[in-house]
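Now for the letters of each chain:
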Amino acid sequence: MISVIYAIIALGILIFVHELGHYLVARMANVKVLTFALGFGKKLFSFRKGETEYALCAVPLGGYVKLLGESPDDEIPEEEIPRSYSHKPPIVRIAIAFSGPFFNILFAAFLFFVIFVSGHSVLSTKVGNIEKGFPADLAGIKQGDIITSIEGQPIEEWAELMDIMAKSQLKPMKFGIKRGDEQLDITITPKEVEGKNIFGETISRKVIGVVASNQLLQRRETISGAASKAVAQTWNLSEITVLGMWKLVKGSISPKNIGGPLLILDAAGKQAKEGKKNFVYFIAIISINLAVVNLLPIPILDGGHILFYVIEIVTRRKVPMRTQEVAQKVGLGILIAIMALAFFNDITRFFGAK
């Protein structure tokens, strides 16, 4: 039950941010906003302020902003035609459609900024286990040693060590080692081994055969440092998300990796138990995923609408409504198929169904 509550909180925040992006840019473009709703289905609560109805609906798995002229069935008074979504230039409609995913990206960057500026934990370079027969073992590295530099470059975090190793060559490298009160220089030649990347693909890695200890360092970034790290983290995770989806389409990784609501429920509960910052980090990751998914060029998603408007700019005429309707039905079918696969994977993952 706790997991359900945390998942609803996470999704509610992200849906609000997404729809807020559409709402604000529509208002800036002088498009009349008829409804701002969180959720789908029956309205549990609503009120009207000015020309917009604000509503909370029963099914907390989405939301919508209804704009004047967005539906072909809308009756538009002549005096309100300038405020109709369908009568705005395609570049304005692109901006409104893009703003939802863009706000999710901005929100993720903001959450990362808050994490970095308020203090976060990182793994130190203290050595835990050592693989027998690997270069570090043969060179005399011991458990409890602290790696302070590689080839004269000072390091303090395990992530820095991993980054240097990923870019290293198979040649001798000088490691600065702190052992008790001693400072040693030990030369180690990395070894190439096969391993798995985050997508489960087999890759070659350079290693010396050491595993991090559980020692954590507390880091609190300056405002400028937190901002740059937040942008870098958002970019890296966005890139990984796009790459993962592309690999799914190509068939490089298994569709079994797709997760649905049960996986989100499980992850939300686990991250919340680990602490507030873990939960905030989880929300940031889901926000990036939501943005990337919505930008896919599938009719019915924001990316599909943007595709129609780009075609309109190129051809200088609107995509016929009948074509849009058929494309949206196809897009809806694709989404339903993906959701069905996600549900099936969740059931298999959590209940062992075959």
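Values in this document were obtained by computation on a predicted structure and should not be read as measured data.

Caption draft 1: Representation of the environment of Ile141. Here Ile141 lies in the loop between α3 (135-139) and β5 (146-150). Placed 68 residues apart in sequence, Ile141 and Gly209 show a C-alpha to C-alpha distance of 9.8 Å.

Caption draft 2: Structural detail: the sheet that holds strand β6 (residues 153-154). Reading across the sheet, the four strands line up as β6-β5-β7-β8 and stay open at both edges, with antiparallel pairing between neighbours. Every interior strand has two partners, whereas the edge strands, β6 and β8 (182-188), have only one. Summarising the sheet, strand β7 (residues 173-179) and β8 pair through seven bridges and their orientation is antiparallel. Within β8, the position partnered with Lys178 by the bridge is Gln183.

Caption draft 3: Just the layout of surface pockets, in detail. Empty space within the second largest pocket amounts to approximately 1,100 Å³. Lining the second largest pocket we find 33 residues, and of these Phe116, Ala159, Gln233, Asn236 and Tyr281 sit closest to its centre. Breaking the lining of the second largest pocket down by element, the ones donating at least two residues are α2 (90-118), β3 (120-123), β6, α4 (158-167), α5 (223-250) and α7 (276-294). Ranked by residues supplied to the lining of the second largest pocket, first place goes to α5 with seven residues. Looking at side-chain class alone, the lining of the second largest pocket contains 17 nonpolar, ten polar and six charged residues.

Caption draft 4: Molecular detail of the packing of α5 against α7. The N-to-C vectors of α5 and α7 enclose an angle of 50 degrees; their axes lie 10 Å apart at closest approach. Relative to α7, the element α5 is oriented oblique. In this structure, the crossing between α5 and α7 has a hand that is right-handed. Residue-level inspection shows Gln233, Thr234, Leu237, Ser238, Thr241, Val242 and Met245 of α5 in contact with α7, the latter providing Tyr281, Ile285, Ile288, Asn289, Val292 and Val293.

Caption draft 5: View of the side chain of Ser168. Among the secondary structure elements, Ser168 is positioned in the loop between α4 and β7. A polar side-chain atom of Ser168 sits 2.7 Å from the main-chain carbonyl oxygen of Met165. When residues no more than four places from it in sequence are discounted, the contact partners of Ser168 are Met173, Pro190 and Lys206.

Caption draft 6: The arrangement of the packing of aromatic side chains in detail. For the structure shown, the criterion picks out eleven aromatic pairs. A centroid spacing of 6.2 Å and a plane angle of 10 degrees characterise the contact between Phe40 and Tyr64, whose relative ring orientation is stacked. With Phe40 in strand β1 (residues 33-49) and Tyr64 in strand β2 (residues 52-67), the pair connects residues that are 24 residues apart, well separated along the chain. In this structure Phe40 comes out as partly exposed when scored by relative accessible area, which is 37%. The interplanar angle of 25 degrees and the centroid separation of 5.6 Å between the aromatic rings of Phe98 and Phe102 together place this pair among those described as stacked. Here Phe102 and Phe98 lie together in helix α2, a separation of four residues that amounts to about one turn. Residue classification places Phe102 among the partly exposed positions, given a relative accessible area of 37%. Through pairs of rings, three or more aromatic residues link up here, namely Phe16, Tyr23, Phe36, Phe45, Phe47 and Tyr54. Over the ring of Tyr309 we find Arg93; its NZ or CZ atom is 5.0 Å from the centre of that ring.

Each value, and the rule that gives it
Residue positions within a chain follow its written sequence, with the count starting from 1. Predicted model: local features are reported for residues with pLDDT of at least 70 only, side-chain atom pairs are reported and counted for 80 or more only, and whole-chain, interface and lining totals are derived from all residues. Just so you know, side-chain values use all the structure's heavy atoms and leave hydrogens and water out. Strands here mean DSSP runs of E at least two residues long; helices mean DSSP runs of H or I at least four residues long; both are numbered from the N terminus. The pairing criterion is simple: DSSP has to find at least two bridges between the two strands. Here a cavity means grid points, on a 1 Å grid over the protein atoms only, where a 1.4 Å probe fits yet cannot get out; a pocket means an open set of points with protein on both sides within 12 Å along at least five of seven lines; lining residues are those with an atom within 4 Å of a point. Grid points are joined across faces, edges and corners, and a volume is the space filled by probe spheres set on the points. Polar here means any residue outside two lists: the nonpolar Ala, Val, Leu, Ile, Met, Phe, Trp, Tyr, Cys and Pro, and the charged Asp, Glu, Lys and Arg; Gly therefore counts as polar. Geometry is summarised by axes, namely lines fitted to C-alpha atoms with helices restricted to the contacting stretch, and by angles between N-to-C directions that run from 0 to 180 degrees. Relative orientations are named as follows: roughly parallel for angles under 35 degrees, roughly antiparallel for angles over 145 degrees, roughly perpendicular for angles from 65 to 115 degrees, and oblique for any other angle. Left-handed describes a crossing whose near helix is turned anticlockwise from the far helix through less than a right angle; right-handed describes the clockwise counterpart. In what follows, residue pairs with any heavy atoms lying within 4.5 Å of each other are defined as contacts. What qualifies as a polar contact is a pair of N or O atoms within 3.5 Å, subject to a donor-acceptor requirement within protein and to the restriction that residues adjacent in sequence count only when both atoms come from side chains. The criterion for an aromatic pair is that two Phe, Tyr or Trp rings (for Trp, the six-membered ring) have centres within 6.5 Å, with stacked assigned to planes under 30 degrees apart, edge-to-face to planes over 60 apart and tilted to the rest. For every residue, the accessible area obtained with a 1.4 Å probe (protein chains only) is divided by the maximum for its type, and the residue is called buried under 20%, exposed over 50%, and partly exposed between those limits. Whether a charge lies above a ring is judged from NZ of Lys or CZ of Arg, which has to be within 6 Å of the ring centre and within 35 degrees of the ring normal.

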